[in-house]
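Given next are the chains, with one letter for each unit.
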Amino acid sequence: MADPPGLPAGKLPPELLAAVLGDPAGWPEDVPLGPALGEDAAAILPPPGPLVVATDPITLTGEQLGRFAVLVNANDVAVTGARPRWFLAAVLLPPRTDPAEVRALFAALRESLEAVGAVLVGGHTEVTPVVARPVVVGQMLGPAGPRGPIASGGLRPGDALVQVGPAPVEGAAVLVNANDV
């Protein structure tokens, strides 16, 4: 009996990885070394001042995985007053994943990154039997605002809280479960 179509365990085929990573000519000037075949690290040129970093895995949903990976991590950086700018993604795929799913996932990552003004600078991709569905662990980095990073856990009575757009999933969960709200 033949194996079902899709990707075997291991690295992504080089032609598929090159296609989803895109053209290095499109990297911004602050990324002298970005995602490419054979590159296991990236180089960025951050402006002076603090660099805010966050990492979150997206495991509770398979729907809109690329979008949530970007938005959850961008939110974690943005709430400190920093501008989400550089994103890394560790993408783990189950064996037999259809290459079209990989292309769609990376297209969603890029579309969401563009929407928040960030770029993919690196990460890791792997097909592994350890996962039953795709998992993305994202890392977002961004320069702090002019006043430096703002601690998001230090709100006190009387502080102003401004929300732009719909309530984020993580923020809504915190508010629903807060005792002092």
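Because the structure is a prediction, the values reported are computed rather than measured.

> So what exactly am I meant to see when it comes to unusual backbone geometry here?
Outside of glycine, negative phi angles account for most residues, and trans bonds account for most peptide bonds. Positive phi outside glycine occurs at arginine 96, with the angle close to 75 degrees. Relative to the helices and strands, arginine 96 resides in the loop between β2 (86-93) and α3 (99-116). Residue classification places arginine 96 among the partly exposed residues on the basis of a relative accessible area of 32%.

> In this structure, what is going on with the sheet that holds strand β1 (residues 51-58)? I would like to understand it.
Paired through their backbone hydrogen bonds, the strands of a sheet run either parallel or antiparallel. Read across the open sheet, the 4 strands follow the order β1-β4-β2-β3; overall the sheet is mixed. Of all strands in the sheet, those with a lone pairing partner are β1 and β3 (119-127), marking the two edges. Strand-to-strand twist across the sheet, computed as the mean angle between neighbouring axes with direction ignored, equals 10 degrees. Relative to β3, β2 runs parallel, the two being bridged by 8 bridges. Looking at the pairing, leucine 88 lines up with glycine 122 of β3. Packing against the sheet, α3 makes contact with β2, β3 and β4 (135-143), and its axis sits at approximately 160 degrees to β2.

> Sorry, what's going on with helix α1 (residues 14-21) here?
Among the residues of α1, those classed as buried are Leu16, Leu17, Val20 and Leu21. Down the axis of α1, the smallest arc covering the buried residues is 125 degrees, so these residues share one side. Facing away from the buried side of α1, by more than 90 degrees, are the exposed residues Glu15 and Ala19. Each element contacted by the buried residues of α1 is listed here: α3 and β3.

Calculation notes
Residues numbered from 1 in each chain as written. Predicted model: local features only at pLDDT ≥ 70, side-chain atom pairs only at ≥ 80, totals over all residues. Heavy atoms only, no water. Helix = DSSP H or I, 4+ residues; strand = E, 2+ residues; numbered from the N terminus. Buried < 20%, exposed > 50% of the residue type's maximum accessible area, 1.4 Å probe, protein only. Pairing = 2+ DSSP bridges. Axes fitted to C-alpha atoms, helices over the stretch in contact; angles between N-to-C directions. Contact = heavy atoms within 4.5 Å. Arc of directions from axis to C-beta.

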